[in-house]
Amino acid sequence: MIIEVLKPWVDFGLLVLILMVQVIVYPSFTYYSKIDLVQWHQTYTPRITAIVAPLMMTQVAMHAYTLLFDFSYVEIVQTVLIVAVWLITFIYFVPLHQKIEARQNNTTDLKNLISYNWLRTIIWFLIVLFNLTEL
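All of the points below concern the structure found in this document. Keep in mind it's a predicted model, so treat the numbers as computed, not measured.

Rules of the game
Residues numbered from 1 in each chain as written. Predicted model: local features only at pLDDT ≥ 70, side-chain atom pairs only at ≥ 80, totals over all residues. Heavy atoms only, no water. Helix = DSSP H or I, 4+ residues; strand = E, 2+ residues; numbered from the N terminus. Buried < 20%, exposed > 50% of the residue type's maximum accessible area, 1.4 Å probe, protein only. Core = buried A, V, L, I, M, F, W, Y, C linked by side-chain atoms within 4.5 Å. Contact = heavy atoms within 4.5 Å. Phe/Tyr/Trp six-rings, centres within 6.5 Å; stacked < 30°, edge-to-face > 60°. Expected span 1.5 Å × (residues − 1). Bend = angle between axes of the 7 residues up to and from the residue. Polar contact = N/O pair within 3.5 Å; in protein donor to acceptor, adjacent residues only side chain to side chain.

### Comments concerning the overall build of the chain
Moving on, step 1. Secondary structure summary: the chain contains four helices and zero strands in total.
Moving on, step 2. Along the chain, from the amino end to the carboxyl end, the secondary structure elements read α-α-α-α.
Moving on, step 3. The principal-axis extent of the C-alpha atoms belonging to the chain is close to 50 × 25 × 20 Å.
Moving on, step 4. Looking at the chain as a whole, 37% of its 135 residues are labelled buried.

See below:
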């Protein structure tokens, strides 16, 4: 089935994307002045969202489908990990990005953006690893 082929690639694509954000994008935020960061952030955010949002929604849809129609314990674990990424994103990352937009961020917020993002990076790595168990 096509979902079985595409699902690991979408998961891997999200891992590569989060690694780029973790190693390149978020650390670069610390080099901007507050005003320059806001200007860059206003350009960066819609662009990265246009890439990330469809991938994340596709990931949710494919894992939900697999959970319903090709049930496995690995799929349960992956789905829980995906839900965790979404929760972490909305609980921690959306507010941090809103602080940047409002020019209310400080150096600690930018460091937290980098350090907290390791959790999402590790989770996506685990999701990809679980795909390997199903090969």
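There is more to say, and it comes next.
### With respect to the nonpolar core
Moving on, step 1. Judged by nonpolar contacts, the single largest core of 30 residues is most densely connected at Tyr26, Phe29, Tyr44, Leu113 and Trp124.
Moving on, step 2. Every element with two or more residues in this core is listed here: helix H1 (2-29), helix H2 (34-69), helix H3 (73-101) and helix H4 (107-133).
Moving on, step 3. Examining the composition of this core, we find that 10 residues originate from one element, H1, more than from any other.
Moving on, step 4. Other than its neighbours up to four places away in sequence, Tyr26 contacts Val21, Tyr44, Phe93, His97, Leu113, Ile114, Asn117 and Arg120.

### With respect to the packing of aromatic side chains
The description of two aromatic rings rests on the distance between their centres and on the angle between their planes.
Moving on, step 1. One pass over the structure, following the stated rule, counts nine aromatic pairs.
Moving on, step 2. Relative to Phe29, the ring of Tyr26 lies with its centre 5.6 Å away and its plane at 55 degrees, an arrangement referred to as tilted. A residue pair is termed a helical-turn pair when its members lie 3 or 4 positions apart in one helix, as Tyr26 and Phe29 do in helix H1 at three residues.
Moving on, step 3. Among the residues examined, Phe29 registers a relative accessible area of 0% and is labelled buried.
Moving on, step 4. Among the aromatic residues, ring-to-ring pairing joins Tyr26, Phe29, Trp40, Tyr44 and Phe93 into one connected group.

### Quick notes on H2
Moving on, step 1. Spanning 36 residues, H2 covers 49 Å between terminal C-alpha atoms, matching the ideal 52 Å at 1.5 Å per step.
Moving on, step 2. The largest bend in H2 amounts to roughly 30 degrees and is located at Thr49.
Moving on, step 3. Taken as a whole, H2 has its buried residues at Leu37, Val38, His41, Tyr44, Ile48, Val52, Met56, Gln59, Met62, His63 and Thr66.
Moving on, step 4. The secondary structure elements touched by the buried residues of H2 are H1, H3 and H4.

### Looking at H4
Moving on, step 1. Helix length check: H4, at 27 residues, gives a terminal C-alpha distance of 40 Å against a target of 39 Å (1.5 Å per residue), a fit within 8%.
Moving on, step 2. Here H4 has its buried residues at Asp109, Leu110, Leu113, Ile114, Asn117, Arg120, Thr121, Ile123, Trp124, Ile127, Val128 and Asn131.
Moving on, step 3. A side-chain oxygen of the first residue of H4 lies 3.0 Å from the backbone nitrogen of Thr108; this N-cap is Asn106.

### As for the environment of Lys99
Moving on, step 1. Inspection of the secondary structure puts Lys99 in helix H3.
Moving on, step 2. Note on Lys99: relative accessible area 29%, which makes it partly exposed.
Moving on, step 3. Each C-alpha atom, one on Lys99 and one on Val38, is 9.7 Å from the other, the two residues being 61 residues apart in sequence.
Moving on, step 4. Setting aside anything within four residues of it in sequence, one finds Lys99 in contact with Gln104, Asn105 and Asp109.

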